[in-house]
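Residue-level structure breakdown
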Amino acid sequence: NAGVTQTPKFQVLKTGQSMTLQCAQDMNHNSMYWYRQDPGMGLRLIYYSASEGTTDKGEVPNGYNVSRLNKREFSLRLESAAPSQTSVYFCASSEAFAGFNEKLFFGSGTQLSVL
Amino acid sequence: KQEVTQIPAALSVPEGENLVLNCSFTDSAIYNLQWFRQDPGKGLTSLLLIQSSQREQTSGRLNASLDKSSGRSTLYIAASQPGDSATYLCAVLSNTGKLIFGQGTTLQVKP
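An account of the accompanying structure is given in this report.

Reading guide: rules and limits
- Residues numbered from 1 in each chain as written.
- Chains lettered and ligands numbered in written order.
- Predicted model: local features only at pLDDT ≥ 70, side-chain atom pairs only at ≥ 80, totals over all residues.
- Heavy atoms only, no water.
- Salt bridge = Lys/Arg side-chain N within 4 Å of Asp/Glu carboxyl O.
- Buried < 20%, exposed > 50% of the residue type's maximum accessible area, 1.4 Å probe, protein only.
- Contact = heavy atoms within 4.5 Å.
- Buried area = accessible area lost by both parts, 1.4 Å probe.
- Polar contact = N/O pair within 3.5 Å; in protein donor to acceptor, adjacent residues only side chain to side chain.
- Helix = DSSP H or I, 4+ residues; strand = E, 2+ residues; numbered from the N terminus.
- 1 Å grid on protein atoms, 1.4 Å probe; cavity = no way out; pocket = protein on both sides within 12 Å on 5 of 7 lines; lining within 4 Å.
- Points joined across faces, edges and corners; volume = space filled by probe spheres on them.
- Nonpolar A, V, L, I, M, F, W, Y, C, P; charged D, E, K, R; others polar.
- Disulfide = S-S within 2.5 Å.

Some remarks on the pattern of salt bridges
Residues and elements named next belong to chain A. Counted under the stated rule, the structure contains five salt bridges over all chains. Note that Asp38 is salt-bridged to Arg44, the shortest N-O span being 2.9 Å. Using a relative accessible area of 16% as the deciding quantity, one classes Arg44 as buried.

Shown next as structure tokens:
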């Protein structure tokens, strides 16, 4: 019963380093999302993939890139990390995009610190 | 632009009390509203989803209501237990297909 799996759980980077956050879901969902959660800001959408082969910008896409590798996997890349990207990152998935009855299922998060 | 607000930011109640968490949103053109629970250091778990055409949803001791015209939703928790302690977030699915989250209410239920 894995659901949405994110790796790594914790990461510390130096300014300018790059890294990729991995996300995989085993529920055969079509849509996947990346959010960041910051104190006092709530969850904000970074990028999403409504279906395999498509990706779109969310509310705060600057400094990030994504790849929908296949139906199961959706990765988030930081090309040149900045301290402003210190946050907790969540991957989520849903059976379809923007449906009236679509629940989101979340991974357990990646805590990223950029020094 | 859709904005979602949750008040209060934190709430502490004794065990057994019935309580209400509030969520308000500025644009009534929504597809649905969801309530989530987040435990410290964990991801979000979906509790209830109310479609735009519905007025309420119930699951066990939880009841969520939706009043689109006034831009409000409430999450009612009956007979609260220490295990209910967590942060509760509401989110609205806007007509742009984006899920907009409130900042959450952190609930502490004291034994």
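Okay, back to it.
Focus: the interface of chain A and chain B
Tallying the contact residues gives 22 residues for chain A and 23 residues for chain B. Carbon and sulfur atoms make up 58% of the area that chain A and chain B hide from each other, which totals about 1700 Å². Remark: the boundary between chain A and chain B carries zero salt bridges. Inspection of the region where chain A meets chain B yields one residue pair in polar contact (both at pLDDT 80 or more). At the level of elements, strand S4 (31–38) and strand S5 (42–49) of chain A are the ones that each hand at least two residues to the side of chain A that touches chain B. Here the side of chain A that touches chain B takes four residues from S5 of chain A, the largest share from any one element.

Side note on the layout of surface pockets
Roughly 510 Å³ of internal volume is contained in the largest pocket. Glu59 of chain A together with Lys1, Gln2, Glu3 and Ile100 of chain B are the residues nearest the centre of the largest pocket, which is lined by 23 residues in total. If you list the elements that add at least two residues to the lining of the largest pocket, you get S5 of chain A together with strand S1 (4–7) and strand S10 (99–101) of chain B. Residue contributions to the lining of the largest pocket peak at four residues, all from S5 of chain A. Considered class by class, the residues forming the lining of the largest pocket number eight nonpolar, nine polar and six charged. The space that makes up the second largest pocket amounts to roughly 420 Å³.

Notes on the state of the cysteines
Chemically, a disulfide is nothing more than a covalent bond linking the sulfur atoms of two cysteines. Throughout the structure, instances matching the rule amount to two disulfides over all chains. In this model, Cys23 of chain A is linked to Cys91 of chain A through a disulfide, with the two sulfur atoms separated by 1.9 Å. Handedness here is read from the sign of the S-S torsion; for Cys23 of chain A and Cys91 of chain A, about -75°, the answer is left-handed. Here Cys23 of chain A is found in strand S3 (residues 19–25), whereas its partner Cys91 of chain A is found in strand S9 (residues 87–94), with 68 residues between them in sequence. Judged by its relative accessible area of 4%, Cys23 of chain A is buried. In this structure Cys91 of chain A comes out as buried when scored by relative accessible area, which is 0%. Here Cys23 of chain B pairs with Cys90 of chain B through a disulfide, and the sulfurs are 2.0 Å apart.

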